[in-house]
Amino acid sequence: MRISISLLITAAIAFVGAILFNSSQMIESTGYAFALGAVTVGIALSFLSTKSSSDIPESAATNSKTIYVGNLPYRANENDVKDLFAEYGEVFAVRLMKDKRTGKRRGFGFVVMAAGDAPEAIEKLNNSEYGERTLKVREANDPRKSERA
């Protein structure tokens, strides 16, 4: 959805550029004016594109922690797990893993929560009972760190 909106906006700006180039009598062909408008928009958008991940301050990237949650009951859903962790702090996201072929939950997932609240949640929920199962909770391994090693 977001891509189609961006494409629509880009086409609209290119159309406006084509009208401006065509009305300035610099280019007589409407097709060439539209193409030049599209190229101009592309160049302008490349200069005005959003910040890359290297421009984002490191403090913003460390405001959250990802927590691995294992041995979850198969009937638990994202809202249940979010409610469980929300007792210990702000939860940003919950992802429960599913089997690709069957679509059934695999009994583990990841919770992204505020960095300041994560240690308490890990301490309180690790080896606790939830849905007649003993949870295994720890800080998730950062795949980006293991790629660098």
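Residues numbered from 1 in each chain as written. Predicted model: local features only at pLDDT ≥ 70, side-chain atom pairs only at ≥ 80, totals over all residues. Heavy atoms only, no water.

1. A word on the sheet that holds strand S1 (residues 64–70)
Okay, so step 1: Read from one edge to the other, the open sheet built from four strands follows the order S2-S3-S1-S6, with strand pairing classed as antiparallel. Each edge of the open sheet carries a strand with a single partner, namely strand S2 (91–98) and strand S6 (136–139). Mean inter-strand twist for the sheet, computed between neighbouring axes without regard to direction, equals 20°.
Okay, so step 2: Sheet analysis places S2 next to strand S3 (residues 105–114), joined by six bridges and oriented antiparallel. Bridge assignment links Leu96 to a residue of S3, and that residue is Gly109. (Pairing = 2+ DSSP bridges. Helix = DSSP H or I, 4+ residues; strand = E, 2+ residues; numbered from the N terminus. Axes fitted to C-alpha atoms, helices over the stretch in contact; angles between N-to-C directions.)

2. Some details on helix H5 (residues 118–125)
Okay, so step 1: Among the residues of H5, those classed as buried are Ala118, Ala121, Ile122 and Leu125. What you see down the axis of H5 is that its buried residues fit within an arc of 100°, all on one side.
Okay, so step 2: Among the structural elements, S1, helix H4 (78–86), S3 and S6 are those in contact with the buried residues of H5.
Okay, so step 3: Phi turns positive, to about 65°, at Asn127, one or two residues after H5. (Buried < 20%, exposed > 50% of the residue type's maximum accessible area, 1.4 Å probe, protein only. Arc of directions from axis to C-beta. Contact = heavy atoms within 4.5 Å.)

3. Some points on the packing of aromatic side chains
Okay, so step 1: In total, this model carries three aromatic pairs according to the counting rule given.
Okay, so step 2: Taking 6.0 Å as the distance between ring centres and 35° as the angle between the ring planes, the aromatic pair formed by Tyr68 and Phe108 counts as tilted. One end of the pair, Tyr68, is in strand S1; the other, Phe108, is in strand S3, with 40 residues separating them in the sequence.
Okay, so step 3: Take Phe108: its relative accessible area is 21%, and that puts it in the partly exposed class.
Okay, so step 4: With a centroid separation of 6.2 Å and an interplanar angle of 85°, the aromatic rings of Phe108 and Phe110 are classed as edge-to-face.
Okay, so step 5: Linked through ring pairs, Tyr68, Phe108 and Phe110 together constitute an aromatic cluster. (Phe/Tyr/Trp six-rings, centres within 6.5 Å; stacked < 30°, edge-to-face > 60°.)

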